[in-house]
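Fold and geometry: a report
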Amino acid sequence: MSNDIKTQVVVLGAGPGGYSAAFRAADLGLDVVLVESRKTLGGVCLNVGCIPSKALLHVAKVIDDAAAMASHGVTFGAPKIDLDKIRDWKESVIGQLTGGLGGMAKARKVKTVFGYGKFTSDKTIEVEGEDGKSTITFDNAIIAAGSSVVDLPFIPKDDPRVIDSTGALELKDVPEEMLVLGGGIIGLEMGTVYKALGSNVSVVEFADQLVPAADKDIVKVYTNYNKKKFNIMLSTKVVAVDAKDDGLYVTFEGKNAPEGQVRYDKILVAVGRKPNGHLVAADKAGVNVDERGFINVTNELRTNVNHIFAIGDVVGQPMLAHKAVHEAHVAAEVIAGKKHVFDPRCIPSIAYTDPEMAWVGVTEREAKEQGLNIEVANFPWAASGRAIASARTEGKTKMIFEKETGRVLGGAIVGINAGEMLGEICLAVEMGADAEDVALTIHAHPTLNESIGVAAEIFEGSVTDLP
Ligand code: FAD
């Protein structure tokens, strides 16, 4: 069956970027078609990314917190793991959110077309779906095709014991020995889940620190806290994997490489994601895609073809859902004739690990590379009443100020709830707040957030009482 559709706006891909663009465009009175190759809306984030990983991290946190209570006089005993039920819980979380998006699309009269879409010209997209072919003729298009996992040439591809983040989230089993290849955010989050469920987890990272994008001192706190939990091999790489019947035998090279081959039951490959720019036949519309698959855009999110926009992972780093959503709003508003550009001062990054690592704005390393005249104020949580009462004093709050003016340029937090706390620093950076603004803001006691206020007081040289 062939279906011809005419629309003012077609959005290719229904991840956080795509559905946000479609909804904003519809709210602004435009006629919108949303094309998605999965069976549900929500993209990587809702189906196989942000949300399912957080559902499983919640399970891991409860297990770990319960175990830690033994030293405070409450013993729960060993957890009984029912993988089917954990999977059901995770699926119910996904279903609730993706189903909600379906309802929101309907309420806005956004037409959804399920199937794989490709440009056939700069005015048409053809979609191949279960219900046949659709040809969509559009005035404007927004490419929100997202990204895919990167795989490595020397790792067996069709062996079910080698998994990527999507495979890890499927939670088919809990392997006894698991190797996480790549010490970035996704690898560490999934490692946290499997460790809590009972796996012995090793992490191998080519760089000399985990989460290379974050400042060393922040990551050091995480690494020290977890050095007994995980076998962490920094400055080391995997050079070969020999798949045998009784396991995957891995050869390492580098500073902390173990001798000979090491056997694992499962390997999680988490070495990054690549943009899907080459998968939408962009050339048929005359849209330039670089050799890596990224699509270059202006600050209005326009590609080199004026009426075709691109947003989200497919336009560049950081590949994060909240960046995609904000870009989406700009693209939709520009199409609707509003004046708007994407020009944030900062985009927050969070590793939802234990402890969490969160940073925003300029890092200390970046500030040094850029020759900025900064002053750093650190507040160690060993002096925080709330951290002490929670038995989690390993954390710290770090604020980066412009030395001359005291303006907040960035900040980083490592510790429990760091991700939730970071919002205040985001707001400070985005609004151009200075240390005095933050220091004079009364932070409730006893909270971990007080540490942000105290860090600002440290910069001001006016710390009166530590919480
Ligand atoms: P995507 O979410 O990738 O969506 C693109 C959609 O387009 C997909 O559904 C795809 O099927 C569809 N599509 C592609 N091409 C076509 C086509 N030709 N026709 C039709 N449909 C097409 N980010 C965070 O901010 N916080 C987190 O905690 C976080 N956790 C993550 C955990 C994991 C395990 C992973 C893998 C990622 C995580 N991310 C997180 C990253 C986040 O998922 C992405 O940045 C975000 O989903 C990008 O949104 P997007 O709209 O650009 O693309």
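Cut-offs used in this document
- Residues numbered from 1 in each chain as written.
- Predicted model: local features only at pLDDT ≥ 70, side-chain atom pairs only at ≥ 80, totals over all residues.
- Heavy atoms only, no water.
- 1 Å grid on protein atoms, 1.4 Å probe; cavity = no way out; pocket = protein on both sides within 12 Å on 5 of 7 lines; lining within 4 Å.
- Points joined across faces, edges and corners; volume = space filled by probe spheres on them.
- Helix = DSSP H or I, 4+ residues; strand = E, 2+ residues; numbered from the N terminus.
- Nonpolar A, V, L, I, M, F, W, Y, C, P; charged D, E, K, R; others polar.
- Near = heavy atom within 4 Å.
- Polar contact = N/O pair within 3.5 Å; in protein donor to acceptor, adjacent residues only side chain to side chain.
- Areas by Shrake-Rupley, 256 points an atom, 1.4 Å probe, with all protein chains shown as cover.
- Buried < 20%, exposed > 50% of the residue type's maximum accessible area, 1.4 Å probe, protein only.
- Pairing = 2+ DSSP bridges.
- UniProt positions renumbered as here; feature names shortened; annotations may be inferred.
- Contact = heavy atoms within 4.5 Å.
- Disulfide = S-S within 2.5 Å.
- Core = buried A, V, L, I, M, F, W, Y, C linked by side-chain atoms within 4.5 Å.
- Domains from an automatic or database assignment.
- Buried area = accessible area lost by both parts, 1.4 Å probe.
- Salt bridge = Lys/Arg side-chain N within 4 Å of Asp/Glu carboxyl O.
- Axes fitted to C-alpha atoms, helices over the stretch in contact; angles between N-to-C directions.
- Expected span 1.5 Å × (residues − 1).

1. Overview of the layout of surface pockets
Considering only enclosed or pocket space, the second largest pocket measures out at about 870 Å³ in volume. Together, 32 residues line the second largest pocket, and Lys61, Asp65, Asp354, Ile416 and Asn417 are the ones closest to its centre. For the lining of the second largest pocket, the elements supplying multiple residues, two or more each, are α3 (50-68) and α11 (418-431). Among the elements that take part in the lining of the second largest pocket, α3 stands out by supplying 8 residues, more than any other. Broken down by class, the residue content of the lining of the second largest pocket amounts to 12 nonpolar, 10 polar and 10 charged.

2. Digging into the site of the ligand
If you check the shell around the ligand, you find 38 residues, and the closest are Glu36, Lys54, Gly117, Asp313 and Ala321. For the ligand, an oxygen atom lies 2.7 Å from a polar atom in the side chain of Lys54. Take Ala321: an N or O atom from its main chain is 2.8 Å from an oxygen atom of the ligand. Calculation on the ligand without its partners gives an accessible area of 990 Å², and the protein chains cover 95% of this total. Only α1 (16-27), β2 (32-36), α2 (43-48), α3, β4 (116-119) and α8 (321-335) provide two or more residues apiece to the shell around the ligand. Looking at which element gives the most residues to the shell around the ligand, the answer is α2, with 4 residues.

3. Points about the pairing of strand β19 (residues 356-361)
Extensive coverage of β19 is indicated by the burial of 5 of its 6 residues. Here strand β18 (residues 349-351) pairs with β19 via 3 bridges, running antiparallel. Bridge pairing in β19 places Ile350 opposite Ala358. The loop that links β18 with its antiparallel partner β19 comprises 4 residues. Pairing geometry for β19 and strand β22 (residues 408-415), over 6 bridges, is antiparallel. Bridge pairing in β22 links Trp359 to Ala412.

4. So, the UniProt feature "binding site: NAD(+)" (unreviewed entry) in the chain
Residues annotated by UniProt as "binding site: NAD(+)" (unreviewed entry) correspond here to Gly182, Gly183, Gly184, Ile185, Ile186, Gly187, Leu188, Glu189, Glu205 and Gly272. Taken along the chain, the residues just named run across 91 residues; in space they keep tight, none of their C-alpha pairs more than 14.4 Å apart. For Gly182, the location among the structural elements is in the loop between β9 (177-181) and α6 (185-197). Residues within four places of Gly182 in sequence aside, it is in contact with Gly187, Val203, Val204, Glu205, Ala270 and Val271. Mapped onto the secondary structure, Glu205 falls in the loop between β10 (200-204) and α7 (216-226).

5. Re the state of the cysteines
For the coordinates displayed, the defined rule picks out 1 disulfide. Linked covalently through their sulfurs, Cys45 and Cys50 form a disulfide whose S-S length is 2.3 Å. For the disulfide bridge between Cys45 and Cys50, the dihedral angle about the S-S bond is near -125 degrees, and by the sign convention the bridge is left-handed. A residue is classified by how much of its surface remains accessible, and Cys50, at 29% relative accessible area, is partly exposed. In this structure Cys346 is not part of a disulfide, and its nearest cysteine sulfur, from Cys426, lies 5.1 Å away.

6. Considerations on the nonpolar core
Grouped together as the largest cluster of nonpolar side chains are 39 residues, with contacts concentrated most on Met190, Tyr194, Leu197, Leu210, Val211, Leu268 and Met357. Here this core gets 6 residues from one element, more than from any other, and that element is α6. Those residues within four positions of Met190 in sequence are excluded, and the remaining contacts are Ser53, Leu56, Ala168, Leu169 and Leu268.

7. Quick word on the UniProt feature "active site" (unreviewed entry) in the chain
The positions that UniProt labels "active site" (unreviewed entry) are, in the present scheme, His445. Of note, His445 is situated in the loop between α12 (435-440) and α13 (450-460).

8. Concerning the domain arrangement of the chain
Splitting the chain by domain gives domain 1 (3-149 + 274-336), domain 2 (162-271) and domain 3 (348-460). Distance between the C-alpha centres of domain 1 and domain 2: 28 Å. On the domain 2 side, the residues contacting the 17 residues of domain 1 number 16 residues. Across the domain 1 to domain 2 interface the summed buried area is about 1400 Å²; carbon plus sulfur atoms make up 70%. For domain 1, the biggest contributors to the area lost against domain 2 are Val48, Leu56 and Leu83; these three give 32% of the whole. Where Lys229 meets Asp64, a salt bridge forms, and the shortest distance between an N and an O atom there is 3.4 Å. Inspection of the region where domain 1 meets domain 2 yields 5 residue pairs in polar contact (both at pLDDT 80 or more).

9. Brief notes about the sheet that holds strand β20 (residues 374-380)
Strand pairing in a sheet relies on backbone hydrogen bonds. The paired strands run either parallel or antiparallel. Taken in spatial order, the 5 strands of this open sheet run β18-β19-β22-β21-β20, and their pairing is antiparallel. Each end of this open sheet is capped by a strand with a single partner; those strands are β18 and β20. The sheet shows a mean angle of 10 degrees between the axes of neighbouring strands, direction not considered. Looking at chain direction, strand β21 (residues 396-402) and β22 are connected through 6 bridges and run antiparallel. Bridge pairing in β22 places Met399 opposite Gly411. Packing against the sheet, α6 makes contact with β18 and β19, and its axis sits at approximately 30 degrees to β18.

10. A word on α3
Taking 1.5 Å of rise per residue, 19 residues should cover 27 Å, and α3 covers 26 Å from first to last C-alpha, within 8% of that figure. Looking only at α3, the buried set comprises Pro52, Ser53, Ala55, Leu56, Leu57, Val59, Ala60, Ile63 and Asp64. Buried residues along α3 sit in contact with α2, α4 (83-107), α5 (165-170) and α6.

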